[in-house]
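Coordinate analysis (summary)
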Amino acid sequence: MDGVFKPNARLDSTEAILGLPGLDNLAAGPGALYCSSVDTVFRIDPKAGRAEPVRTFGGAVTMIAASPAGRLAVGVEGIGVELLDQSEWRRFDLPADCASCVTAGLFRGEDELCLAIGSRVHAASDWKRDLMSRGSTGAVILCRLSIGACEIVREGLAFPYGLAVMADGALAVSESWRHRVLSLPARAGSAEEVRIGDLPAYPARLSPASDGGFWLALFAPRRQLTEFVLVEDDYRREMMATIPPQAWIGPDFADGDEEQPLQAGSVRQMGIMKPWAPSRSYGLVARLDRDMQPVASFHSRADGRRHGIASIVEFEGHLYAASRGSGTLLRIGDPT
């Protein structure tokens, strides 16, 4: 990594607000900050460093989105979307092949909910198999909540993982397996555009920044060994058929324990994790300008602990990041 992505250790020096195993998606509503952890949605009190459970669901929570008026949408693996209107929960039915891998949500007003569907074949928890299968069955769908209708806006995506609205109304989509951010046209006749390509890591969720730009979480680094395996079809097929996913060569939200395979000897040297080692997990946040161009970055390098940044959001003048790898909510003090 170089230029704007030149490594630093700024994520490792940030303040840890609280710890929750499996901390994943963050969402900021009117006066409320929410997060997901495994099968539960929590409301966070960042000043006190506490998280109070809002509801536990019947499956893993894969997405949270909050509307301007305080509506809450929650993606649940195998179920679809649950909506909180005032104090009542109700289920919003999705097409069957979209119900198990809702990776991101974005309200446009109170009635339109855009959803990123990472895969229409694999569940969210089986994301490694989607990557190693070179999956491109992801989609963006637009749901009209008042009438219960869904419309596919774009399909054929390689694991869409984040959504944001740009100043011209175009919908920005982070496409993880293709390491890029696209903008989908806001009106007929406009062209789809790659806003950022060849990112050094796998992009996850997007969120707006107060200066008119955006924040992009990137959950794991690209590296030569993974890129090589992705073009070796026979090897990948045998690996997926004979080895448990946690031991596959490929990216992850956190490095494993001491029994993790050495993966060509690149992870540790002389028994010590070097900061420049091509590890399979990493911590990375990018600050983007209004045109989605990167202007700054925050890192937790190979020897750091704040890996697997899955979500980032501004709330009441502070910037919060969810490190899924360490299960830690971070408050970035100086995000400039």
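Report follows, based on the coordinates. (Residues numbered from 1 in each chain as written. Predicted model: local features only at pLDDT ≥ 70, side-chain atom pairs only at ≥ 80, totals over all residues. Heavy atoms only, no water.)

This brings us to the overall build of the protein. Scanning the protein from N- to C-terminus turns up 3 helices and 24 strands. On C-alpha atoms alone, the protein measures out to a radius of gyration of 19 Å, which is about the 20 Å that the 2.2 N^0.38 rule sets for 336 residues. Seen through its C-alpha atoms, the protein measures out along the principal axes to roughly 60 × 45 × 40 Å. Across the 336 residues of the protein, 53% fall into the buried class. Total accessible area computed for the protein in this model is approximately 14,200 Å², and 49% of it derives from carbon and sulfur atoms. Averaged over its 35 positive side-chain charges, the protein has a centre that lies 2 Å from the centre of its 42 negative ones. (Helix = DSSP H or I, 4+ residues; strand = E, 2+ residues; numbered from the N terminus. Rg over C-alpha atoms; globule rule 2.2 N^0.38 Å. Buried < 20%, exposed > 50% of the residue type's maximum accessible area, 1.4 Å probe, protein only. Areas by Shrake-Rupley, 256 points an atom, 1.4 Å probe, with all protein chains shown as cover. Lys, Arg positive; Asp, Glu negative; His and termini not counted. Charge placed at Lys NZ, Arg CZ, Asp CG, Glu CD.)

One open sheet accounts for 4 strands, arranged β6-β7-β8-β9; its pairing is antiparallel. Strands at the two margins of the open sheet, each flanked by one partner only, are β6 (61–66) and β9 (88–92). Across this sheet, the average inter-strand angle for adjacent strands is 20°, counted without regard to direction. (Pairing = 2+ DSSP bridges. Axes fitted to C-alpha atoms, helices over the stretch in contact; angles between N-to-C directions.)

What follows concerns the pairing of strand β18 (residues 201–208). Along a regular strand, successive side chains alternate from one face of the sheet to the other. Summarising burial for β18: 7 of the 8 residues are buried, a large majority. Here β18 pairs with strand β19 (residues 214–221) via 6 bridges, running antiparallel. By the bridge assignment, Pro-203 is partnered in β19 with Leu-218. Counted between consecutive antiparallel strands, the loop separating β18 from β19 contains 5 residues, among which Gly-212 sits at a positive phi close to 100°.

Before going further, it helps to examine the pattern of salt bridges. Applying the stated criterion across every chain, the model contains 24 salt bridges. Its salt-bridge partner being Arg-129, residue Asp-126 comes within 3.1 Å of it at the nearest N-O pair. Exposure remark for Asp-126: the relative accessible area of 25% places this residue in the partly exposed category. The partly exposed category is assigned to Arg-129, whose relative accessible area is 25%. Salt bridges sharing partners connect three or more residues here, namely Asp-24, Arg-205 and Arg-324. (Salt bridge = Lys/Arg side-chain N within 4 Å of Asp/Glu carboxyl O.)

Further remarks concern the environment of Tyr-320. Considering the arrangement of structural elements, one finds Tyr-320 in strand β23 (residues 318–323). Taking the C-alpha atoms as reference points, Tyr-320 and Leu-330, separated by 10 residues in sequence, lie 5.5 Å from one another. When sequence neighbours within four positions are dropped, the list of residues in contact with Tyr-320 reads Ile-17, Leu-26, Leu-33, Pro-46, Ser-311, Ile-312, Val-313, Phe-315, Leu-329, Leu-330 and Arg-331. In this structure the side chain of Tyr-320 is engaged in a polar contact, spanning 3.3 Å, whose partner is the side chain of Arg-331. (Contact = heavy atoms within 4.5 Å. Polar contact = N/O pair within 3.5 Å; in protein donor to acceptor, adjacent residues only side chain to side chain.)

Moving on to the packing of aromatic side chains. Applying the stated criterion across every chain yields a total of 11 aromatic pairs. Plain terms: the ring middles of Phe-159 and Trp-177 are 4.6 Å apart, the flat faces sit at 20° to each other, and that makes the pair stacked. Here Phe-159, found in the loop between β13 (149–157) and β14 (160–165), pairs with Trp-177, found in the loop between β15 (171–175) and β16 (180–184); they are 18 residues apart in sequence, far enough to count as distant. Ring geometry for Trp-215 versus Phe-298: centroids 6.1 Å apart, planes at 50°, classification tilted. Of this pair, Trp-215 sits in strand β19 while Phe-298 sits in strand β21 (residues 294–300), and the two are 83 residues apart along the sequence. Per residue, the accessibility class of Trp-215 equals that of Phe-298, and both read buried. Ring-pair connections join several aromatic residues into one group, and the members of that group are Trp-127, Phe-159, Tyr-161, Trp-177, Tyr-202, Phe-219 and Phe-253. (Phe/Tyr/Trp six-rings, centres within 6.5 Å; stacked < 30°, edge-to-face > 60°.)

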